[in-house]
Amino acid sequence: MALTDSTSLDTALAESAAARPERLTAAGQAWGERIDARRDAAHLTYRVTGTGVGSVASRITAGKHGFAVDEPAALAGDDLAASPVEVALGALISCQVVVYRLYAHALGIQVDDVDVTAEGDLDAARLFGKDETVRAGFGDVRLTVRLAGPETAERYEELRAAVDAHCPVLDLFQNPTPVTTTVEVTAS
């Protein structure tokens, strides 16, 4: 279903939340059976494309979904969309939400609500070529996860440990990932 406005999105998400337990169970069983039958079935490749638009913005296509990424005016952008580093923090937050829900369900831990805030510190001196000794990316990222539910603090700590061990985007932030860059030049 293509969602064209926030009302449609809110309605679709409310319907999805109602079906969450059944969807988590079905997905977990299906993936478990698939991986048990063929270990390589767990290997996924994601492909996202982007095109430069506007001053410094990008139009991103991820599967059937499209969105824009921009920069604030101070970084030569038009501030029409979230910045790349904000999108990265958003990816971390959304992956945390998914994995908290997945593992809460798997571990039988009741979570009535999950809300995550991410803050990242970035030194722009490297971006502008003024200090090559600092990281170009975040020097520090802080996550605050707020869970609502009736369980003990120990059960929620058990859940946090499971999420920390299994969240793909958290892993991307915490560990080096090999990246190969190929530049292809075509005549314009």
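Residues numbered from 1 in each chain as written. Predicted model: local features only at pLDDT ≥ 70, side-chain atom pairs only at ≥ 80, totals over all residues. Heavy atoms only, no water.

A.B. asks: Describe the overall build of the protein, and please don't skip the residues or the numbers.
C.D. replies: For the protein, the helix and strand inventory stands at six helices and five strands. Along its sequence from the N terminus, the protein presents helices and strands in the succession α-α-β-β-β-α-β-α-β-α-α. Oriented by its inertia axes, the alpha-carbon framework of the protein measures out at about 55 × 40 × 35 Å. Counting all 188 residues of the protein, 17% fall into the buried class. Considering only intrachain contacts with a sequence separation of at least 6, the fraction spanning at least 24 residues in the protein is 49%. Looking at the protein as shown, the accessible area adds up to about 13,400 Å², and 55% of this sits on carbon and sulfur atoms. (Helix = DSSP H or I, 4+ residues; strand = E, 2+ residues; numbered from the N terminus. Buried < 20%, exposed > 50% of the residue type's maximum accessible area, 1.4 Å probe, protein only. Contact = heavy atoms within 4.5 Å. Areas by Shrake-Rupley, 256 points an atom, 1.4 Å probe, with all protein chains shown as cover.)

A.B. asks: Describe the packing of aromatic side chains, naming the residues involved and giving the relevant values.
C.D. replies: Counted under the stated rule, the structure contains one aromatic pair. One cation-aromatic arrangement involves R34 over W31; the distance from NZ or CZ to the ring centre is 4.3 Å. (Phe/Tyr/Trp six-rings, centres within 6.5 Å; stacked < 30°, edge-to-face > 60°. Lys NZ or Arg CZ within 6 Å of the ring centre and 35° of its normal.)

A.B. asks: Quick rundown of the packing of helix α2 (residues 20-37) against helix α3 (residues 84-107)? Include the residues and the values.
C.D. replies: Their axes nearest at 10 Å, the elements α2 and α3 cross at an angle of 80°. One way to sum up the angle between α2 and α3 is to call them roughly perpendicular. Within the contact between the two elements, α2 uses R20, P21, L24 and T25 and α3 uses R101, L102 and H105. Here the contact of α2 with α3 is composed, by residue class, of three nonpolar, two polar and two charged. (Axes fitted to C-alpha atoms, helices over the stretch in contact; angles between N-to-C directions. Parallel < 35°, antiparallel > 145°, perpendicular 65-115°, else oblique. Nonpolar A, V, L, I, M, F, W, Y, C, P; charged D, E, K, R; others polar.)

A.B. asks: Which residues make up the packing of α3 against helix α5 (residues 153-166), and what values do they have?
C.D. replies: When two helices pack together, their arrangement is given by the angle between the helix axes and the distance between those axes. Two numbers describe how α3 lies on α5: the axes approach to 9 Å, and their chain directions differ by 125°. One way to sum up the angle between α3 and α5 is to call them oblique. Considering only the axes of α3 and α5, their crossing is right-handed. Contact residues: Q96, V99, Y100, Y103, A104 and L107 in α3; R155, E158, L159, R160, A162, V163 and H166 in α5. (Left-handed = near helix turned anticlockwise from the far one by under 90°.)

A.B. asks: Kindly report on the sheet that holds strand β2 (residues 57-62), identifying the contributing residues and their values.
C.D. replies: Taken in spatial order, the three strands of this open sheet run β1-β2-β3, and their pairing is antiparallel. Sheet topology places β1 (48-53) and β3 (65-69) at the edges, where each strand pairs with a single neighbour. The sheet shows a mean angle of 20° between the axes of neighbouring strands, taken without regard to direction. Bridge count between β2 and β3: five bridges; the pairing is antiparallel. The residue of β3 that forms the bridge with S58 is V69. (Pairing = 2+ DSSP bridges.)

A.B. asks: Describe the pattern of salt bridges, listing the residues and the values that go with them.
C.D. replies: Scanning all chains against the criterion turns up nine salt bridges. For the salt bridge of E119 with R142, the shortest nitrogen-to-oxygen distance reads 3.5 Å. Remark: R142 occurs in strand β5 (residues 138-148) and E119 occurs in strand β4 (residues 113-122); sequence separation between them is 23 residues. On the accessibility criterion, R142 (31% relative accessible area) is partly exposed. A salt bridge links R160 to D164; the nearest nitrogen and oxygen atoms lie 2.1 Å apart. (Salt bridge = Lys/Arg side-chain N within 4 Å of Asp/Glu carboxyl O.)

A.B. asks: Help me get a handle on the side chain of S83, residues and values and all.
C.D. replies: If you trace the backbone, S83 turns up in the loop between β3 and α3. Not counting residues within four places of it along the chain, the set of residues in contact with S83 comprises V69, D70, E71 and P72.

A.B. asks: Account for unusual backbone geometry, with residues named and values stated.
C.D. replies: Positioned with a positive phi, A76 is a non-glycine residue whose angle comes to about 75°. Considering the arrangement of structural elements, one finds A76 in the loop between β3 and α3. Here A76 falls in the partly exposed class, since its relative accessible area comes to 43%. For D79, which is not glycine, the phi dihedral falls at a positive 55°. Topologically, D79 is positioned in the loop between β3 and α3.

In short, geometric facts, not functional conclusions.
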